[in-house]
Amino acid sequence: MRLTLRIWRQAGPDAKGRLENYAADDVSADMSFLEMLDVVNEGLIRQGKDAIAFDSDCREGICGMCSLVVNGVPHGPDRGTTVCQLHMRRFRDGDTITIEPWRARAFPVVKDLVVDRGAFDRIIAAGGFVSVNCGGAQDGNAILIPKDVSEQAMDSAACIGCGACVAACKNASAHLFVSAKISHLALLPQGQAERQRRVVSMIRQADAEGFGSCSNEGECEAVCPKEIPISNIARMTREYVRAAVSAGK
């Protein structure tokens, strides 16, 4: 296949960015999307030009580093996948593909297609944990948890923090990510003691980072590679209201 790529190029956080056109020749349908970008970069390097900066790590749909908006859709056209799981057979010879970074004030561009998602780390640091000062760890079988509760908690814990939900939301909301981190701990007995403090701290940090409010349209669930249930957002909201009422706010 021969493709035309329209790729966002930006030299640094304070530089002005723009879309530039690149030709991708002899693209195999069996290539992954990132392998195709690797080939394009090899050609740029041979020409003495600056390679296109993009994030990747595991390339197995596990880490969530491959944060690209492909033709306006975070992670591309295939539902329930990351960009590294997207293959070129999804496209046709002669197609024009537009590739951009996540678009959110809380995710500033570092270079080209790379954004700083440190805001997610700061949200987790604000309360996405169970404190360790609680004595020795009990045997796993000593705490009985109903199967439906454990499955809900595991569904929430599957979030890889890729940020696609933020990129898809017209308000750049992080509610699906925050709700996943709050829900999987609030559902389990180990997380009960700090559930009220956790929800208030994490939502406050999300607001401080500049994420917007939930659009209530569900576009975040549609692009989530782990298909985190949007019902978590309603659960998180209830947790926050209870915590705020308890604190007399």
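This is a predicted model, so every value here is computed, not measured.

Our focus in this paragraph is the overall build of the chain. A tally of regular secondary structure across the chain gives eight helices and seven strands. In terms of principal-axis extent, the alpha carbons of the chain reach across some 60 × 40 × 35 Å. Expressed as a percentage of its 249 residues, the buried residues of the chain come to 46%. Taking the intrachain contacts of the chain between residues at least 6 apart in sequence as the baseline, contacts between residues at least 24 apart amount to 70%. Separation of charge centres in the chain, based on 29 positive and 31 negative side chains, amounts to 5 Å.

As a further point, take the side chain of Ser 179. By the element assignment, Ser 179 lies in helix H5 (residues 175–186). The class of Ser 179 is buried, set by a relative accessible area of 0%. With residues near it in sequence (within four places) discarded, Ser 179 still touches Asn 232, Ile 233 and Met 236.

Put simply, helix H2 (residues 118–127) and helix H6 (residues 195–209) touch, their axes get as near as 8 Å, and they point 155 degrees apart. As summarised for this structure, H2 and H6 are arranged roughly antiparallel, according to the angle between their axes. Where H2 crosses over H6, the handedness of that crossing is right-handed. Every residue of H6 that contacts H2 at Ala 119, Arg 122, Ile 123, Ile 124, Ala 126 and Gly 127 is listed here: Arg 197, Arg 198, Ser 201, Met 202, Gln 205, Ala 206 and Glu 209. Classifying every residue of the contact of H2 with H6 by side-chain character gives six nonpolar, three polar and four charged.

Each value, and the rule that gives it
All residue numbers here refer to positions counted from 1 along the written sequence of the relevant chain. The predicted origin of the model limits local features to residues at a pLDDT of at least 70 and limits the giving and counting of side-chain atom pairs to 80 or more, whereas totals for whole chains, interfaces and linings rest on all residues. To get the side-chain values, take all heavy atoms of the structure and skip hydrogens and water. Helix numbering and strand numbering both begin at the N terminus, where a helix is a DSSP run of H or I of at least 4 residues and a strand a DSSP run of E of at least 2. To sort residues, take the accessible area from a 1.4 Å probe on protein chains only and compare it with the maximum for the residue type: under 20% means buried, over 50% means exposed, and anything in between is partly exposed. Here, two residues are considered to be in contact whenever any of their heavy atoms come within 4.5 Å of each other. Here Asp and Glu are counted as negative and Lys and Arg as positive; His is not counted, and neither are the chain ends. Throughout, a charge is located at the NZ atom of Lys, the CZ atom of Arg, the CG atom of Asp or the CD atom of Glu. A fitted line through C-alpha atoms serves as each axis, taken over the contacting stretch for helices, and the angle formed by two N-to-C directions is quoted from 0 to 180°. Geometric relationships in this document are graded by angle, where less than 35 degrees denotes roughly parallel, more than 145 denotes roughly antiparallel, 65 to 115 denotes roughly perpendicular, and other angles denote oblique. The crossing is said to be left-handed when, going from far helix to near helix, the turn is anticlockwise and less than a right angle, and right-handed when the turn is clockwise. Under the scheme applied here, ten amino acids are nonpolar (Ala, Val, Leu, Ile, Met, Phe, Trp, Tyr, Cys and Pro), four are charged (Asp, Glu, Lys and Arg), and all others, including Gly, are polar.

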